[in-house]
Structures are given as C-alpha cells and as structure tokens.
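Survey of secondary and tertiary structure
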Amino acid sequence: KTTTSTTKVTTVTTQKKESNNMDLVGTFKLTYYIPTSKQNPNTIVGGSGRKLIDCSVGNSEVKGSVACRAVYEKYGYKYNGKRTMIYLDVPNFKSLTGYYYVDDCCGGKSTVDIYYNSKNNCPFKNIGVIRGAKCYIVNY
C-alpha cells in the first residue's frame, strides 16, 4: 500500500514597506494631538503652513498629518522637492501602519504625534501612547 501526502504552502505578505525608497529614521512612541478649543479643526495649519489632515479621514495613499521633531529637524517640511512623507510600521496597532505627511513639529525627538480633528477620531484615545513604531523617511 502506498500513501501520498500533500503539503500546502501559504505565503503571508505584510504591510512593511522596507525598500530602496525608504530609510529608517528610528523607533518612536506615538501620541495623538487635537486642536485646542481656540483652534478651528477645519482650518488648523501646522508649522509647514499646510492645513492639517485628520488621520482618521486621509485617503488610500496617505493617512494624514503628523508632527515629528526628529524628522522635521533632519528633513524639513519639504524633502527632495516634495512634501515630507514618512512610513510608520506599527506592529502593536496595525491600523496605524502606513504613510503620513510631516506637517508639524512636536516637542520630543522620540515622538510622532498623529493629528486628529477630535479625540473621538483617535483609535487609541484610551491608550494614549503606543511604543515601538518604526519610522521611515520616504526618499523621492
């Protein structure tokens, strides 16, 4: 009697975008920021002079605006002639993984502040801080 067995191989593709067009900036903690009561969420602009994009709204390519002192100081708000863009790889909160524009500067060099028009738009409002996010600069 002959027995034949078959093994099924499954390939899993992750959202990690390490490639030739990105360089690791570092590992950061993520926090969120919202407009103050004196700021209009529909017209608020960052240090870049650009209107901030709520990261719960964004589009299929770019999730929205972030503030990051480390990226701003190294690359500015305009990098290689285009709007500065980063890619965040967030293993502990996969829905935050993706591309963002750097439109503002925050206080700490080890933080990326993710912008939302209101606290209710933030998927981690009850957590506050997410650690271990890898930040890559997009090289145009």
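Attention in this report is confined to the structure presented alongside it. (Residues numbered from 1 in each chain as written. Predicted model: local features only at pLDDT ≥ 70, side-chain atom pairs only at ≥ 80, totals over all residues. Heavy atoms only, no water.)

Notes on the overall build of the protein
Along the backbone of the protein there are one helix and eight strands. From first element to last, N terminus to C terminus, the protein shows the α and β order β-β-α-β-β-β-β-β-β. The buried share of the protein, reckoned over its 140 residues, is 41%. For the protein, long-range pairs separated by at least 24 residues make up 78% of all intrachain contacts whose partners lie at least 6 apart in sequence. With an accessible surface of roughly 8,300 Å², the protein has 46% of that area assigned to carbon and sulfur atoms. (Helix = DSSP H or I, 4+ residues; strand = E, 2+ residues; numbered from the N terminus. Buried < 20%, exposed > 50% of the residue type's maximum accessible area, 1.4 Å probe, protein only. Contact = heavy atoms within 4.5 Å. Areas by Shrake-Rupley, 256 points an atom, 1.4 Å probe, with all protein chains shown as cover.)

Overview of the sheet that holds strand β5 (residues 85–89)
In any sheet, the strands associate via hydrogen bonds between backbone groups, in a parallel or an antiparallel arrangement. One closed barrel accounts for six strands, arranged β1-β7-β2-β6-β5-β8; its pairing is mixed. Geometrically, the sheet is characterised by an average inter-axis angle of 45° between neighbouring strands, direction not taken into account. For strand β2 (residues 62–67) and strand β7 (residues 111–115), the ladder comprises two bridges, and the chain directions are antiparallel. By the bridge assignment, A67 is partnered in β7 with D113. (Pairing = 2+ DSSP bridges. Axes fitted to C-alpha atoms, helices over the stretch in contact; angles between N-to-C directions.)

A word on the pattern of salt bridges
Scanning the model with the defined rule gives four salt bridges in all. Across the pair K109 and E73 runs a salt bridge whose closest N-O atoms are separated by 3.0 Å. In this pair, K109 sits in the loop between β6 (98–104) and β7 while E73 sits in helix α1 (residues 69–75), placing the two residues 36 residues apart along the sequence. (Salt bridge = Lys/Arg side-chain N within 4 Å of Asp/Glu carboxyl O.)

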